[in-house]
Amino acid sequence: MVSKMKIRNTKIYKAFANPVWGNNPISIQMLGICSALAVTVQLKTAIVMSLSMTFVVAFSSMTVSLMRKIIPRNIRILTELAIIATLVILADEFLRAYFYDISKQLSIFVGLIITNCIVMGRAEAFALSNPPHLAFVDGLGNGAGYGGVLVTVAFIRELLGSGKIFGFRVIPESVYAAGYEDMGFMLLAPAAFIIIGLLVWLQKVLAGE
Amino acid sequence: MNDLINIFLNSVFVGNILLAYFLGMCSFVAVSKNIDTAIGLGFAVVFVLTVTTPVNWLIYQFLLAPGALAWAGLPDMDLSYLKLIMFIVVIATMVQVIEMLIDQFSRALYASLGVFLPLIAVNCAILGTSLFMVERNHTFIESAVFGFGSGVGWMLAIVSLAAIRMKLRYANTPRGLEGYGITMIVTGLMAMAFMLFSGITL
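Residues numbered from 1 in each chain as written. Chains lettered and ligands numbered in written order. Predicted model: local features only at pLDDT ≥ 70, side-chain atom pairs only at ≥ 80, totals over all residues. Heavy atoms only, no water.

S.K.: Got a minute to help me understand the overall build of chain B in this structure?
M.R.: When you go through chain B residue by residue, the secondary structure sums to nine helices and zero strands. Element order for chain B, N to C, with α for helix and β for strand: α-α-α-α-α-α-α-α-α. In terms of C-alpha radius of gyration, chain B reaches 18 Å, essentially the compact-globule figure of 17 Å for 202 residues. In terms of principal-axis extent, the alpha carbons of chain B reach across some 65 × 45 × 35 Å. In chain B, which comprises 202 residues, the proportion classed as buried is 50%. For chain B, the proportion of contacts with a sequence separation of at least 24, taken over those separated by at least 6, is 73%. Element-wise, carbon and sulfur atoms account for 69% of the exposed surface of chain B, whose accessible area totals about 9200 Å². A distance of 18 Å separates the average location of the 8 positive side-chain charges in chain B from that of its 9 negative side-chain charges. (Helix = DSSP H or I, 4+ residues; strand = E, 2+ residues; numbered from the N terminus. Rg over C-alpha atoms; globule rule 2.2 N^0.38 Å. Buried < 20%, exposed > 50% of the residue type's maximum accessible area, 1.4 Å probe, protein only. Contact = heavy atoms within 4.5 Å. Areas by Shrake-Rupley, 256 points an atom, 1.4 Å probe, with all protein chains shown as cover. Lys, Arg positive; Asp, Glu negative; His and termini not counted. Charge placed at Lys NZ, Arg CZ, Asp CG, Glu CD.)

Now the structure itself:
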C-alpha cells in the first residue's frame, strides 16, 4: 500500500497517468480528434494509428525538451513543426515499407498527425518547460490516452458493424441464423461521432462531474 | 465540365471534408459557439483552401512527384516523401501572405477574418485536402475546384452546427452530456443527413 502511494506521487507516474484518464486529450480536452475517427472502422488500423501517434508525440516532446534551451522563442513553432514533420515522415515511410496494406488503408491520416493539436499542444504546454525524461513519459501518456479512445471506438464499431474483432468473426453463425444482423450504420462516418459523444458522456458520469 | 461539377458537389455534400472524413474537427468544435465567428472562420477556410490546393498541386507535380524533376535533368528523382513537410510550409506561408494581402487591400475584411487566419495554418482540413488531392490524382483545374468545394462544405458544416448550438443553449441536456458530448452527437446526426446526398451525380 505504501509503495503504491509512493508510485502514485512520483512525477513520472503523474506525467503518464494524467493524460490517460483525468485529462485525456480526446475526451476531456477535445484535442486531436481530426485524424482520429476516420481510422476506427477496424481495430487493426486504430491500433497502428495509435502506435504511430504515440511514437510521434513521445519523441517530438523529448526532442523539443532536449532543445528547449537553444530554441529561440520567436521561431519555436516553426522548429517544433519541423521536428514533428520529420518524425511523421519517418513513421509514414516505415509503415509504407513494412505494412503496406495498412498504410494504404490509413491513407492520408498518418500524415495528418502533423496538424494534430495534441502533438503541438504537448510540445508547447509541457515539453518546453520540463526535462526530457518527463516530456517523453508525458508523450507516452498522451499517446496512450489517445489510443485508448481510438481502440474503444474501433472495438465498438468493428464488433457491432461487422461482427468481427481484428478481422476474426466472434459472433457465431447460429446468432446470425436466429435473425441477428450486423449494424451497417456502425461502419459509416456518423456512427463514430455518436459513439465518441456517448463515450464522453460515460466518462464524465464515471468521473462524477 | 460535368466532371468539375461532380467534384464540387461531391466535396461539398457526399465527401464533406468534415462530416465524412473528420478533418478540421478541432476548430470546428472550438469556434462553433457563435454563428458570426463561425461564418468568419468559414470564409477564411474557403479562401485558404481555394488558394493552397492548386499551389500545392503545382509544387507536387513540378518538384516532388516521382520523375517531376525531369525538367531539371533529374528524371529518376522521387521526392514525394517530402510532400508532408513541403505542404505544411506552403500552407503556413500562404496563410501569412494572404493575411498581409488582406491587410493591405481591405481593412474591413482584415478586421473580420484577421483573427482566424493564423488558426487555419494548423487546421487539418487544409493539409488533408492537399493530401487527398495527391491521392486522387486530380488535374490542376480539378484540384482548384476540389479545394473550393471542400472549403464550402466545411463552412456549411460549421455554420449549421453553430446555428444548432445556439438553439441547444435552451435545451435541457442530461448532466455530463452538455457541451462536448452533445456537440459530437449533433454532428453525427448532421453527418447522417449529409449522407442522404450520396448518389447525386450529373
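S.K.: Where do I start with the interface of chain A and chain B in this structure?
M.R.: Interfaces are often sized by the accessible area lost when the parts come together. Of the residues lining the interface, 39 residues belong to chain A; the matching set on chain B comes to 37 residues. Where chain A meets chain B, there are zero salt bridges. Linking chain A to chain B there are one residue pair in polar contact (both at pLDDT 80 or more). Mapped onto the side of chain A that touches chain B, the elements with two or more residues apiece are α4 (76-98) and α9 (189-206) of chain A. Looking at the side of chain A that touches chain B element by element, the count peaks at twelve residues for α9 of chain A. (Salt bridge = Lys/Arg side-chain N within 4 Å of Asp/Glu carboxyl O. Polar contact = N/O pair within 3.5 Å; in protein donor to acceptor, adjacent residues only side chain to side chain.)

S.K.: Please clarify how the nonpolar core should be interpreted in this entry.
M.R.: Generally speaking, nonpolar side chains in soluble globular proteins are found buried as a group. Counting 113 residues, the largest nonpolar core has Ile26 and Met49 of chain A together with Met25, Phe28, Ile120 and Trp154 of chain B as its most contacted members. In terms of residues, this core owes the most to one element, helix α3 (residues 35-64) of chain B, which gives eleven residues. Apart from the residues lying within four places of it in its own chain, the contact partners of Trp154 of chain B are Asn16, Ile17, Leu18, Leu23, Gly24, Ser27, Phe28, Leu41, Gly42, Val45, Asn123 and Ala125 of chain B. (Core = buried A, V, L, I, M, F, W, Y, C linked by side-chain atoms within 4.5 Å.)

S.K.: What is the right way to read the environment of Leu150 of chain A from this model?
M.R.: Among the secondary structure elements, Leu150 of chain A is positioned in helix α7 (residues 132-162). Remark: the alpha-carbon pair of Leu150 of chain A and Asn23 of chain A, spanning 127 residues in sequence, is separated by 16 Å.

S.K.: I'm lost on unusual backbone geometry in this one. Help?
M.R.: Negative phi characterises most residues that are not glycine, and trans characterises most peptide bonds. The phi torsion at Phe22 of chain B lies on the positive side, around 60 degrees, for a residue other than glycine. Within the secondary structure layout, Phe22 of chain B lies in the loop between α1 (2-14) and α2 (25-31).

S.K.: For this particular structure, what's the right way to read the confidence of the model for chain B?
M.R.: Close inspection of predicted coordinates is inappropriate for parts of the model with low pLDDT. Residue and element names in this part refer to chain B. Considering every residue of chain B, the mean pLDDT works out to 84; 96% of them sit at 70 or more. Here helix α6 (residues 117-120) stands out as the least confident element of chain B, with mean pLDDT 72; helix α8 (residues 140-168) is the most confident, with 92. Interface confidence in the predicted complex, given as ipTM, is 0.81; pTM for the same model is 0.84. (pLDDT = per-residue confidence, 0-100.)

S.K.: Would you take a moment to explain the pattern of salt bridges for this structure?
M.R.: When charged atoms on two side chains of opposite charge get close, those side chains can pair. Considering all chains together, one arrives at four salt bridges over all chains under this definition. Residues Asp92 of chain A and Arg96 of chain A are paired through a salt bridge, measuring 3.3 Å at the closest nitrogen-oxygen approach. With Asp92 of chain A and Arg96 of chain A both in helix α4 and four residues apart, the pair spans about one turn of that helix. A salt bridge links Arg107 of chain B to Asp103 of chain B, with the shortest nitrogen-to-oxygen separation between them at 2.7 Å. When its relative accessible area of 57% is taken as the criterion, Arg107 of chain B is described as exposed.

S.K.: I'm lost on the confidence of the model for chain A in this one. Help?
M.R.: For chain A, the mean per-residue pLDDT works out to 84, and 95% of the residues sit at or above 70. Ranking the helices and strands of chain A by mean pLDDT puts helix α3 (residues 43-66) of chain A first, with 92, and helix α1 (residues 2-9) of chain A last, with 63.

S.K.: Help me understand the packing of helix α7 (residues 124-135) of chain B against α8 of chain B in this model?
M.R.: Residue and element names in this part refer to chain B. Relative orientation of the contacting elements α7 and α8 amounts to 145 degrees, with a least axis distance of 10 Å. Considering only the axes of α7 and α8, their crossing is right-handed. Residues Ala125, Thr129, Phe132 and Met133 of α7 lie in contact with α8, whose contacting residues are Ser143, Phe146, Gly147, Ser150 and Trp154. Looking at the contact of α7 with α8 residue by residue, the class counts come to five nonpolar, four polar and no charged. (Axes fitted to C-alpha atoms, helices over the stretch in contact; angles between N-to-C directions. Left-handed = near helix turned anticlockwise from the far one by under 90°. Nonpolar A, V, L, I, M, F, W, Y, C, P; charged D, E, K, R; others polar.)

S.K.: Got a minute to help me understand the side chain of Asp138 of chain A in this structure?
M.R.: Residues and elements named next belong to chain A. Looking at the element boundaries, Asp138 is found in helix α7. Its relative accessible area of 2% is what places Asp138 among the buried residues. Within the local environment of Asp138, its side chain forms a polar contact with the side chain of Arg122, the two groups lying 3.0 Å apart. Leave out the neighbours within four places in its chain, and Asp138 touches Ala15, Pro19, Arg122 and Phe126.

S.K.: Please clarify how a nonpolar patch on the surface should be interpreted in this entry.
M.R.: Residue and element names in this part refer to chain B. Taken together, the side chains of Leu58, Phe62, Leu63, Trp71, Phe140 and Ile141 present a nonpolar region at the surface, about 590 Å² in accessible area. Of all the elements in the fold, those that place two or more residues in the nonpolar patch are α3 and α8. The leading source of residues in the nonpolar patch is α3, at three residues. Here Ile141 is to be found in helix α8. (Patch = residues over 30% accessible without salt bridge, like charges linked within 9 Å, V, L, I, M, F, W, Y side chains within 5 Å.)

S.K.: Is there a simple way to explain the packing of aromatic side chains in this structure?
M.R.: A ring pair, where both rings are aromatic, is described by two values, the distance of the centres and the angle of the planes. Inspection of the entire model under this criterion finds 15 aromatic pairs over all chains. Measuring from centroid to centroid gives 6.5 Å for Phe109 of chain A and Phe132 of chain B, while their planes differ by 80 degrees, and the two rings are edge-to-face. In this pair, Phe109 of chain A sits in the loop between α5 (100-106) and α6 (117-125) while Phe132 of chain B sits in helix α7, so the two residues belong to two different chains. By the burial criterion, Phe109 of chain A is buried, and Phe132 of chain B matches it. Both rings, one in Tyr176 of chain A and one in Tyr180 of chain A, keep their centres 5.6 Å apart while their planes meet at 65 degrees; by these two values the pair is edge-to-face. Exposure remark for Tyr180 of chain A: the relative accessible area of 28% places this residue in the partly exposed category. Among the aromatic residues, ring-to-ring pairing joins Phe55, Phe59 and Phe136 of chain A into one connected group. For the cation-ring pair, Arg136 of chain B lies above Phe132 of chain B, with the distance from its terminal atom to the ring centre recorded as 4.4 Å. (Phe/Tyr/Trp six-rings, centres within 6.5 Å; stacked < 30°, edge-to-face > 60°. Lys NZ or Arg CZ within 6 Å of the ring centre and 35° of its normal.)

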